[in-house]
Amino acid sequence: AKETGKARCVVYNHQKFTAPEHDVSMEAAMFQGVRDGEFLMHYQPIVDARTRQIVGFEALMRWVRAGQGMVSPAQFIPMAESNGLINLLGAWALKAACVQVRRFEEAAGRPLYISVNVSPRQFRNDQFIDILDEAMRLSGLAGQQLLLEITEGILMSDPEHAESVLHAMASRDVRIAIDDFGTGYSSLAYLKRFPIATLKIDRAFIKDLPTSVKDAAICNVVLSLASHLNLTTVAEGVENEAQLNFLAAQGCGMIQGYLTGRPLMPEDAMELLKSGQPM
Ligand code: C2E
Ligand code: CA
Ligand code: CA
Ligand code: CA
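All figures in this text were calculated on a predicted structure; none of them were measured in a lab. (Residues numbered from 1 in each chain as written. Chains lettered and ligands numbered in written order. Predicted model: local features only at pLDDT ≥ 70, side-chain atom pairs only at ≥ 80, totals over all residues. Heavy atoms only, no water.)

Visitor: I would appreciate a short explanation of the overall build of the protein chain in the present structure.
Guide: On a plain count of helices and strands, the protein chain comes out with 12 helices and 9 strands. Against the compact-globule benchmark of 19 Å for 279 residues, the protein chain has a radius of gyration of 20 Å, which places it among compact chains. The principal-axis extent of the C-alpha atoms belonging to the protein chain is close to 65 × 45 × 40 Å. Residues counted as buried form 46% of the 279 residues belonging to the protein chain. For the protein chain, contacts bridging at least 24 residues in sequence account for 68% of all contacts bridging at least 6. (Helix = DSSP H or I, 4+ residues; strand = E, 2+ residues; numbered from the N terminus. Rg over C-alpha atoms; globule rule 2.2 N^0.38 Å. Buried < 20%, exposed > 50% of the residue type's maximum accessible area, 1.4 Å probe, protein only. Contact = heavy atoms within 4.5 Å.)

Structure representation (C-alpha coordinates):
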(Lines give C-alpha, C1' and ligand atoms only; values in the text may rest on other atoms or scores of the structure.)
(Ligands and ions follow the chains in the order given, each with its own letter.)
Protein backbone atom coordinates (compact mmCIF):
# COMPACT_ATOMS: atom_id res chain seq x y z
CA ALA A 1 0.00 0.00 0.00
CA LYS A 2 2.88 2.28 0.85
CA GLU A 3 4.50 1.55 -2.50
CA THR A 4 1.31 2.23 -4.40
CA GLY A 5 0.77 5.46 -2.54
CA LYS A 6 4.26 6.59 -3.36
CA ALA A 7 3.93 5.74 -7.04
CA ARG A 8 0.68 7.63 -7.27
CA CYS A 9 2.22 10.58 -5.57
CA VAL A 10 5.14 10.56 -7.99
CA VAL A 11 2.80 10.39 -10.99
CA TYR A 12 0.73 13.19 -9.56
CA ASN A 13 3.77 15.36 -8.95
CA HIS A 14 5.15 14.54 -12.35
CA GLN A 15 2.01 15.76 -14.07
CA LYS A 16 1.74 18.76 -11.87
CA PHE A 17 5.30 19.97 -12.23
CA THR A 18 5.86 19.22 -15.90
CA ALA A 19 2.60 20.81 -16.94
CA PRO A 20 4.04 24.27 -17.78
CA GLU A 21 6.68 22.70 -20.02
CA HIS A 22 3.99 20.76 -21.84
CA ASP A 23 1.94 23.87 -22.42
CA VAL A 24 1.36 23.16 -26.10
CA SER A 25 0.07 26.61 -26.96
CA MET A 26 3.07 28.29 -25.37
CA GLU A 27 5.38 25.87 -27.10
CA ALA A 28 3.77 26.48 -30.51
CA ALA A 29 3.90 30.22 -29.85
CA MET A 30 7.59 29.94 -29.08
CA PHE A 31 8.42 28.24 -32.37
CA GLN A 32 6.32 30.80 -34.18
CA GLY A 33 7.98 33.57 -32.18
CA VAL A 34 11.41 32.39 -33.30
CA ARG A 35 10.21 32.41 -36.90
CA ASP A 36 8.65 35.87 -36.50
CA GLY A 37 11.64 37.42 -34.75
CA GLU A 38 9.96 37.97 -31.39
CA PHE A 39 13.14 37.22 -29.42
CA LEU A 40 15.60 39.96 -28.66
CA MET A 41 18.45 40.76 -26.33
CA HIS A 42 18.63 43.34 -23.58
CA TYR A 43 21.88 44.42 -21.94
CA GLN A 44 22.43 45.21 -18.27
CA PRO A 45 25.44 47.38 -17.33
CA ILE A 46 28.15 45.87 -15.12
CA VAL A 47 30.04 48.54 -13.22
CA ASP A 48 33.44 48.70 -11.50
CA ALA A 49 32.60 48.89 -7.79
CA ARG A 50 35.23 51.59 -7.12
CA THR A 51 35.25 53.81 -10.22
CA ARG A 52 31.58 53.22 -11.06
CA GLN A 53 32.50 53.07 -14.73
CA ILE A 54 30.71 50.59 -16.98
CA VAL A 55 33.11 47.74 -17.72
CA GLY A 56 30.73 45.38 -19.49
CA PHE A 57 27.19 44.13 -19.97
CA GLU A 58 25.25 40.95 -19.33
CA ALA A 59 23.17 39.86 -22.33
CA LEU A 60 19.66 38.88 -21.19
CA MET A 61 17.10 37.37 -23.55
CA ARG A 62 13.59 38.73 -23.96
CA TRP A 63 10.53 37.31 -25.70
CA VAL A 64 7.99 39.85 -26.88
CA ARG A 65 5.15 37.41 -27.42
CA ALA A 66 2.53 38.48 -29.97
CA GLY A 67 -0.50 39.86 -28.18
CA GLN A 68 0.97 39.15 -24.74
CA GLY A 69 3.91 41.47 -24.26
CA MET A 70 7.17 40.60 -22.56
CA VAL A 71 7.49 37.03 -21.27
CA SER A 72 10.08 36.48 -18.52
CA PRO A 73 13.06 34.27 -19.36
CA ALA A 74 12.36 32.52 -16.06
CA GLN A 75 9.29 31.17 -17.88
CA PHE A 76 10.52 30.49 -21.38
CA ILE A 77 14.14 29.41 -20.82
CA PRO A 78 13.12 26.19 -18.98
CA MET A 79 10.73 25.37 -21.81
CA ALA A 80 13.38 26.08 -24.45
CA GLU A 81 15.76 23.90 -22.45
CA SER A 82 13.32 20.99 -22.44
CA ASN A 83 12.23 21.22 -26.10
CA GLY A 84 15.73 21.89 -27.42
CA LEU A 85 14.96 25.32 -28.85
CA ILE A 86 17.61 26.71 -26.47
CA ASN A 87 20.31 25.48 -28.87
CA LEU A 88 18.97 27.68 -31.63
CA LEU A 89 18.12 30.63 -29.39
CA GLY A 90 21.37 30.39 -27.45
CA ALA A 91 23.52 30.30 -30.59
CA TRP A 92 21.70 33.33 -31.91
CA ALA A 93 22.05 35.13 -28.54
CA LEU A 94 25.79 34.48 -28.42
CA LYS A 95 26.35 35.84 -31.92
CA ALA A 96 24.07 38.83 -31.37
CA ALA A 97 25.80 39.70 -28.08
CA CYS A 98 29.32 39.44 -29.52
CA VAL A 99 28.40 41.66 -32.45
CA GLN A 100 26.59 44.13 -30.18
CA VAL A 101 29.47 44.63 -27.76
CA ARG A 102 31.67 45.80 -30.65
CA ARG A 103 29.13 48.58 -31.26
CA PHE A 104 29.08 49.37 -27.54
CA GLU A 105 32.86 49.70 -27.59
CA GLU A 106 32.68 52.07 -30.50
CA ALA A 107 30.16 54.24 -28.65
CA ALA A 108 32.23 54.15 -25.45
CA GLY A 109 35.62 54.58 -27.10
CA ARG A 110 37.18 51.90 -24.89
CA PRO A 111 37.17 48.12 -24.51
CA LEU A 112 34.17 46.48 -22.80
CA TYR A 113 33.27 42.89 -22.12
CA ILE A 114 30.12 40.92 -22.71
CA SER A 115 28.72 38.27 -20.40
CA VAL A 116 26.52 35.60 -22.01
CA ASN A 117 24.50 32.89 -20.25
CA VAL A 118 25.08 29.32 -21.42
CA SER A 119 22.41 26.80 -20.45
CA PRO A 120 23.21 23.16 -19.56
CA ARG A 121 21.83 21.81 -22.82
CA GLN A 122 23.87 24.28 -24.88
CA PHE A 123 26.98 23.40 -22.92
CA ARG A 124 26.43 19.68 -23.60
CA ASN A 125 25.81 20.28 -27.30
CA ASP A 126 28.69 18.90 -29.40
CA GLN A 127 28.49 21.92 -31.68
CA PHE A 128 28.92 24.49 -28.94
CA ILE A 129 32.61 25.19 -29.60
CA ASP A 130 31.92 25.57 -33.33
CA ILE A 131 29.16 28.04 -32.49
CA LEU A 132 31.55 29.91 -30.21
CA ASP A 133 34.17 30.09 -32.98
CA GLU A 134 31.54 31.33 -35.41
CA ALA A 135 30.42 34.07 -32.98
CA MET A 136 34.02 35.21 -32.44
CA ARG A 137 34.85 35.13 -36.14
CA LEU A 138 31.67 36.97 -37.08
CA SER A 139 32.17 39.72 -34.50
CA GLY A 140 35.95 39.91 -34.43
CA LEU A 141 35.69 39.96 -30.64
CA ALA A 142 38.83 38.99 -28.69
CA GLY A 143 38.42 36.01 -26.37
CA GLN A 144 39.24 38.02 -23.23
CA GLN A 145 36.22 40.21 -23.90
CA LEU A 146 33.80 37.33 -23.73
CA LEU A 147 32.64 35.90 -20.40
CA LEU A 148 30.47 32.79 -20.52
CA GLU A 149 28.21 32.30 -17.49
CA ILE A 150 27.55 28.73 -16.45
CA THR A 151 26.05 27.26 -13.31
CA GLU A 152 27.69 24.92 -10.82
CA GLY A 153 25.39 22.07 -11.84
CA ILE A 154 26.87 21.98 -15.36
CA LEU A 155 30.29 21.20 -13.92
CA MET A 156 29.07 18.58 -11.49
CA SER A 157 26.88 16.50 -13.78
CA ASP A 158 29.64 15.46 -16.21
CA PRO A 159 33.04 16.73 -15.05
CA GLU A 160 35.01 14.95 -17.80
CA HIS A 161 33.02 16.56 -20.56
CA ALA A 162 33.00 19.90 -18.72
CA GLU A 163 36.77 19.80 -18.46
CA SER A 164 37.26 19.35 -22.19
CA VAL A 165 34.76 22.09 -23.08
CA LEU A 166 36.25 24.52 -20.54
CA HIS A 167 39.75 23.90 -21.86
CA ALA A 168 38.57 24.49 -25.41
CA MET A 169 37.16 27.83 -24.19
CA ALA A 170 40.33 28.68 -22.26
CA SER A 171 42.49 27.98 -25.31
CA ARG A 172 40.49 30.70 -27.06
CA ASP A 173 41.10 33.05 -24.08
CA VAL A 174 37.34 33.04 -23.41
CA ARG A 175 36.67 33.44 -19.68
CA ILE A 176 34.22 31.44 -17.56
CA ALA A 177 32.02 32.76 -14.75
CA ILE A 178 30.12 30.72 -12.19
CA ASP A 179 26.62 32.21 -12.22
CA ASP A 180 24.45 32.29 -9.09
CA PHE A 181 27.51 31.27 -7.06
CA GLY A 182 26.63 29.60 -3.78
CA THR A 183 23.10 28.55 -4.67
CA GLY A 184 23.85 25.25 -6.41
CA TYR A 185 26.14 22.46 -5.31
CA SER A 186 28.22 23.21 -2.29
CA SER A 187 31.40 21.50 -3.53
CA LEU A 188 34.34 23.82 -4.04
CA ALA A 189 36.46 21.15 -5.70
CA TYR A 190 35.57 22.39 -9.16
CA LEU A 191 37.28 25.73 -8.41
CA LYS A 192 40.51 23.77 -8.20
CA ARG A 193 39.91 21.55 -11.19
CA PHE A 194 38.52 23.96 -13.78
CA PRO A 195 39.83 27.22 -15.28
CA ILE A 196 37.28 29.60 -13.71
CA ALA A 197 37.83 33.38 -13.97
CA THR A 198 34.86 34.93 -12.19
CA LEU A 199 32.32 34.32 -9.44
CA LYS A 200 28.92 35.96 -9.69
CA ILE A 201 27.45 36.21 -6.21
CA ASP A 202 23.75 35.46 -6.37
CA ARG A 203 21.22 38.12 -5.50
CA ALA A 204 19.95 35.89 -2.69
CA PHE A 205 23.07 36.88 -0.69
CA ILE A 206 22.96 40.53 -1.71
CA LYS A 207 19.38 41.59 -1.21
CA ASP A 208 19.47 41.84 2.61
CA LEU A 209 22.88 43.53 2.79
CA PRO A 210 24.24 45.23 4.76
CA THR A 211 21.84 44.52 7.67
CA SER A 212 21.83 40.73 7.46
CA VAL A 213 24.76 39.48 9.53
CA LYS A 214 24.63 36.08 7.84
CA ASP A 215 24.64 37.46 4.30
CA ALA A 216 27.45 39.85 5.23
CA ALA A 217 29.48 36.88 6.49
CA ILE A 218 28.75 34.82 3.36
CA CYS A 219 29.74 37.67 1.02
CA ASN A 220 32.84 38.29 3.06
CA VAL A 221 33.99 34.69 2.79
CA VAL A 222 33.16 34.41 -0.92
CA LEU A 223 35.08 37.62 -1.68
CA SER A 224 38.04 36.44 0.37
CA LEU A 225 37.99 33.05 -1.37
CA ALA A 226 37.87 34.75 -4.76
CA SER A 227 40.73 37.05 -3.87
CA HIS A 228 42.93 34.14 -2.74
CA LEU A 229 42.13 32.19 -5.90
CA ASN A 230 42.68 35.24 -8.12
CA LEU A 231 39.11 35.27 -9.36
CA THR A 232 37.21 38.43 -10.24
CA THR A 233 33.84 39.00 -8.59
CA VAL A 234 30.49 40.40 -9.67
CA ALA A 235 27.68 40.97 -7.17
CA GLU A 236 24.25 40.48 -8.76
CA GLY A 237 21.04 42.30 -7.97
CA VAL A 238 22.61 45.35 -6.31
CA GLU A 239 19.76 47.78 -5.82
CA ASN A 240 21.05 50.49 -3.47
CA GLU A 241 24.06 52.50 -2.37
CA ALA A 242 24.30 50.79 1.01
CA GLN A 243 24.78 47.42 -0.72
CA LEU A 244 27.33 48.90 -3.11
CA ASN A 245 29.31 50.56 -0.32
CA PHE A 246 29.39 47.38 1.73
CA LEU A 247 30.50 45.28 -1.26
CA ALA A 248 33.13 47.79 -2.42
CA ALA A 249 34.57 47.94 1.10
CA GLN A 250 34.79 44.13 1.18
CA GLY A 251 36.74 44.13 -2.09
CA CYS A 252 34.03 43.11 -4.55
CA GLY A 253 35.31 44.06 -8.01
CA MET A 254 32.14 44.64 -9.98
CA ILE A 255 28.48 45.15 -9.36
CA GLN A 256 25.36 44.61 -11.43
CA GLY A 257 21.77 45.38 -10.57
CA TYR A 258 19.02 47.94 -10.81
CA LEU A 259 21.42 50.45 -9.20
CA THR A 260 23.73 50.16 -12.22
CA GLY A 261 20.74 50.13 -14.56
CA ARG A 262 17.89 47.93 -15.74
CA PRO A 263 18.54 45.62 -18.68
CA LEU A 264 18.44 48.01 -21.65
CA MET A 265 17.58 47.87 -25.32
CA PRO A 266 20.78 48.17 -27.39
CA GLU A 267 19.94 51.73 -28.48
CA ASP A 268 19.51 52.88 -24.89
CA ALA A 269 22.75 51.20 -23.83
CA MET A 270 24.49 53.05 -26.70
CA GLU A 271 23.11 56.39 -25.47
CA LEU A 272 24.28 55.69 -21.95
CA LEU A 273 27.79 54.88 -23.20
CA LYS A 274 27.94 57.96 -25.43
CA SER A 275 27.02 60.18 -22.47
CA GLY A 276 30.25 58.90 -20.85
CA GLN A 277 28.73 59.30 -17.41
CA PRO A 278 29.75 56.98 -14.61
CA MET A 279 26.85 55.51 -12.63
P1 C2E B 1 20.50 35.46 -14.23
O2 C2E B 1 21.52 35.00 -15.20
O3 C2E B 1 20.78 35.27 -12.79
O4 C2E B 1 20.25 36.99 -14.59
C5 C2E B 1 20.01 37.99 -13.64
C6 C2E B 1 18.53 38.28 -13.51
O7 C2E B 1 18.32 39.22 -12.46
C8 C2E B 1 17.94 38.94 -14.75
O9 C2E B 1 16.58 38.48 -14.85
C10 C2E B 1 17.97 40.42 -14.40
O11 C2E B 1 17.04 41.19 -15.11
C12 C2E B 1 17.63 40.35 -12.93
N13 C2E B 1 18.14 41.50 -12.20
C14 C2E B 1 19.20 42.28 -12.47
N15 C2E B 1 19.40 43.22 -11.54
C16 C2E B 1 18.43 43.04 -10.62
C17 C2E B 1 18.09 43.72 -9.39
O18 C2E B 1 18.75 44.68 -8.96
N19 C2E B 1 17.02 43.23 -8.69
C20 C2E B 1 16.29 42.17 -9.14
N21 C2E B 1 15.25 41.79 -8.42
N22 C2E B 1 16.58 41.53 -10.28
C23 C2E B 1 17.64 41.95 -11.01
P24 C2E B 1 15.95 38.04 -16.23
O25 C2E B 1 16.48 38.92 -17.32
O26 C2E B 1 14.49 37.94 -16.02
O27 C2E B 1 16.57 36.61 -16.47
C28 C2E B 1 16.25 35.53 -15.62
C29 C2E B 1 17.13 34.35 -15.89
O30 C2E B 1 16.88 33.80 -17.20
C31 C2E B 1 18.61 34.68 -15.88
O32 C2E B 1 19.06 34.75 -14.55
C33 C2E B 1 19.18 33.53 -16.66
O34 C2E B 1 19.32 32.39 -15.85
C35 C2E B 1 18.09 33.26 -17.69
N36 C2E B 1 18.45 33.89 -18.96
C37 C2E B 1 18.26 35.17 -19.38
N38 C2E B 1 18.75 35.35 -20.62
C39 C2E B 1 19.30 34.17 -20.99
C40 C2E B 1 19.98 33.71 -22.19
O41 C2E B 1 20.23 34.44 -23.15
N42 C2E B 1 20.39 32.39 -22.19
C43 C2E B 1 20.16 31.56 -21.15
N44 C2E B 1 20.59 30.28 -21.24
N45 C2E B 1 19.55 31.96 -20.03
C46 C2E B 1 19.11 33.24 -19.95
CA1 CA C 1 23.57 35.21 -15.60
CA1 CA D 1 22.97 35.17 -12.13
CA1 CA E 1 20.28 34.69 -10.40
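Visitor: Please explain the coordination of the calcium ion (ligand 3) as it appears in this structure.
Guide: Within the protein, D179 (OD), D180 (OD), E236 (OE) and E236 (OE) serve as the donor atoms for the calcium ion (ligand 3), at 1.9 to 2.8 Å. Between consecutive donor residues of the calcium ion (ligand 3), the sequence gaps follow D-D-x55-E. The metal-metal distance between the calcium ion (ligand 3) and the calcium ion (ligand 2) is 3.5 Å, with D179 coordinating both. Of this pair, D179 sits in strand β6 (residues 175-181) while E236 sits in the loop between β8 (232-235) and α11 (241-249), placing them 57 residues apart in sequence. With respect to class, D179 is no different from E236; both count as buried. (Donors = N, O, S within 2.8 Å, 3.2 Å for Na, K, Ca; no water.)

Visitor: Sorry, what's going on with the site of ligand 1 here?
Guide: Around ligand 1 there are 21 residues in total, and Q44, M61, R62, E239 and Y258 lie nearest to it. Separating a nitrogen atom of ligand 1 from a backbone N or O atom of M61 is a distance of 3.0 Å. Between ligand 1 and D180, the relevant distance is 3.3 Å, taken from an oxygen atom to a side-chain nitrogen or oxygen of the residue. Within the complex, the protein chains bury 81% of what would otherwise be the 800 Å² of accessible surface of ligand 1. Taken together, the elements giving at least two residues each to the shell around ligand 1 come down to β1 (39-48), β2 (54-65), α3 (73-83) and β6. With 4 residues, the top contributor of residues to the shell around ligand 1 is β2. When its residues are assigned to classes, the shell around ligand 1 shows 8 nonpolar, 6 polar and 7 charged. (Near = heavy atom within 4 Å. Polar contact = N/O pair within 3.5 Å; in protein donor to acceptor, adjacent residues only side chain to side chain. Areas by Shrake-Rupley, 256 points an atom, 1.4 Å probe, with all protein chains shown as cover. Nonpolar A, V, L, I, M, F, W, Y, C, P; charged D, E, K, R; others polar.)

Visitor: Help me understand a nonpolar patch on the surface in this model?
Guide: A cluster of nonpolar residues, L40, V64, M70 and W92, forms a patch on the protein surface that exposes about 330 Å² of accessible area. Mapped onto the secondary structure, V64 falls in strand β2. (Patch = residues over 30% accessible without salt bridge, like charges linked within 9 Å, V, L, I, M, F, W, Y side chains within 5 Å. Salt bridge = Lys/Arg side-chain N within 4 Å of Asp/Glu carboxyl O.)

Visitor: How should the coordination of the calcium ion (ligand 2) be read in this particular structure?
Guide: Metal coordination angles have textbook ideals: 109.5 degrees for a tetrahedral set of four donors and 90 or 180 degrees for an octahedral set of six. In the first shell of the calcium ion (ligand 2), the protein supplies E58 (OE), N117 (OD1), E149 (OE) and D179 (OD), at 2.1 to 2.4 Å from the metal. A relative accessible area of 5% means that E58 is categorised as buried.

Visitor: What is the right way to read α11 from this model?
Guide: Note on helix geometry: an α-helix contains 3.6 residues per turn, so any two residues three or four positions apart are oriented the same way. Turning to α11, its buried residues number three or more, namely Q243, L244, F246 and L247. Along the axis of α11, the buried residues cluster in a sector spanning 165°; they form a single face. Elements that come into contact with the buried residues of α11 comprise α10 (213-228), β8 and β9 (254-256). Between a side-chain oxygen at the N-terminus of α11 and the backbone nitrogen of A242 the separation is 3.2 Å; the capping residue is N240. (Arc of directions from axis to C-beta.)

Visitor: Whenever I open this one, the pairing of β2 confuses me. Can you help?
Guide: Across the 12 residues of β2, 10 count as buried, placing the element largely inside the fold. Bridge count for β1 against β2 is 9 bridges, and the pairing is antiparallel. What sits directly across from F39, in β2, is W63. Connecting the antiparallel pair β1 and β2 is a turn made up of 5 residues, with R52 showing a positive phi of about 65°. Direction of pairing for β2 relative to strand β4 (residues 113-117): parallel, over a ladder of 4 bridges. Pairing of G56 across the sheet is with Y113, part of β4. Direction of pairing for β2 relative to strand β3 (residues 69-71): antiparallel, over a ladder of 3 bridges. Directly across from W63, in β3, lies its bridge partner V71. The hairpin formed by β2 and β3 contains 3 residues between the paired strands, and G67 there has a positive phi angle of roughly 75°. (Pairing = 2+ DSSP bridges.)

Visitor: Explanation requested: the packing of helix α4 (residues 85-108) against helix α6 (residues 128-139) in the structure shown.
Guide: For the pair α4 and α6, interaxial distance at closest approach is 9 Å and the crossing angle is 25°. In terms of orientation, α4 and α6 fall into the roughly parallel class. Classified by chirality, the crossing of α6 by α4 is right-handed. Between α4, through A91, L94, K95, C98, V99 and R102, and α6, the contact on the second element is made entirely by F128, I131, L132, E134, A135, L138 and S139. In terms of residue class, the contact of α4 with α6 is made up of 9 nonpolar, 1 polar and 3 charged. (Axes fitted to C-alpha atoms, helices over the stretch in contact; angles between N-to-C directions. Parallel < 35°, antiparallel > 145°, perpendicular 65-115°, else oblique. Left-handed = near helix turned anticlockwise from the far one by under 90°.)

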